[in-house]
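Here is how the chains run, residue by residue.
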Amino acid sequence: MRYNNKRLILVLLALPLWLAGCATTPPSNTDDICAIFKEKDGWYHDAADSARKWNTPIATMMATMHQESRFVHDAKPPRTKILWIFPGPRPSDAYGYSQALGTTWRGYQRSTGNYRGDRDDFEDAIDFIGWYHNTSQRQCRIQSNDTYHLYLAYHEGQGGFNRRTFRNKTWLKNVAKKVSARANTYQRQLNSCEASLKKRKKFLGIF
């Protein structure tokens, strides 16, 4: 009995570390949205909540996040180079799953009241992406399923999009095409597994 109690204590002590590892490690297969949601139990429910709140398809939000961070929770822009050799400063303070800038994140917090939200938390980051795309829908008159133009607005900002700052950025338009194609792929995949995902419950009610 004493041995079993010790094992139980060790399991309980190790559980928070295991849960943290599961929450922050990127999905094994980022090309398959069904695999992502099956591996990361609570992510589907978080994404579905954001989709309902902000009228933005799950596939569009997840394709945006894939492009921005590859689902790395603490992603940052690569450092610039000084004299092509020495690491210099980062080009911006973009951070987390959504690569939101600090000023933009604070705008999201003020708008939604989510002052405890963190850029390296999936639930908060997917809500931010949904909120941003919803803002673009209203301010830039973009359809909710138009991933191509939503991503351009995500990258350039709503003001930049309306000024068409992307017009001569061929590289950016090519990236937006990739994001749009990924969203279409994610949507086809999600159509085949969403019914089963809806039946799954969050583990311990948290993820």
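The structure under discussion appears in the preceding block.
In this text the structure is predicted, and so the values were computed from the model without any measurement.

(A) Geometry of unusual backbone geometry. Phi at Asn 55 takes a positive value of approximately 55°, unusual for a residue other than glycine. With respect to the helices and strands, the residue Asn 55 is situated in the loop between helix H3 (43–54) and helix H4 (58–69). A positive phi angle, close to 55°, is found at Arg 141, a residue other than glycine. With respect to the secondary-structure elements, Arg 141 resides in the loop between helix H6 (122–140) and helix H7 (147–162).

(B) Structural view of the nonpolar core. Phe 37, Ile 58, Met 62 and Phe 128 are the most contacted members of the largest nonpolar core, which totals 47 residues. If you list the elements that add at least two residues to this core, you get helix H2 (33–39), H3, H4, helix H5 (102–112), H6, H7 and helix H8 (170–199). If you tally residues by element for this core, the top one is H8, at nine residues. The contacts of Met 62, once residues within four sequence positions are left out, are Ile 33, Ile 36, Phe 37, Trp 43, Phe 71, Phe 122, Ile 126 and Tyr 186.

(C) Highlighting H4. Between its first and last C-alpha atoms H4 spans 16 Å; for twelve residues at 1.5 Å apiece the expected length is 16 Å, and the two agree. The element H4 is largely enclosed, with a buried count of ten among its twelve residues. For H4, the secondary structure elements touched by its buried residues are H2, H3, H6, H7 and H8. Just beyond H4, the residue with positive phi is Arg 70, at close to 55°.

About the thresholds
Residues numbered from 1 in each chain as written. Predicted model: local features only at pLDDT ≥ 70, side-chain atom pairs only at ≥ 80, totals over all residues. Heavy atoms only, no water. Helix = DSSP H or I, 4+ residues; strand = E, 2+ residues; numbered from the N terminus. Core = buried A, V, L, I, M, F, W, Y, C linked by side-chain atoms within 4.5 Å. Buried < 20%, exposed > 50% of the residue type's maximum accessible area, 1.4 Å probe, protein only. Contact = heavy atoms within 4.5 Å. Expected span 1.5 Å × (residues − 1).

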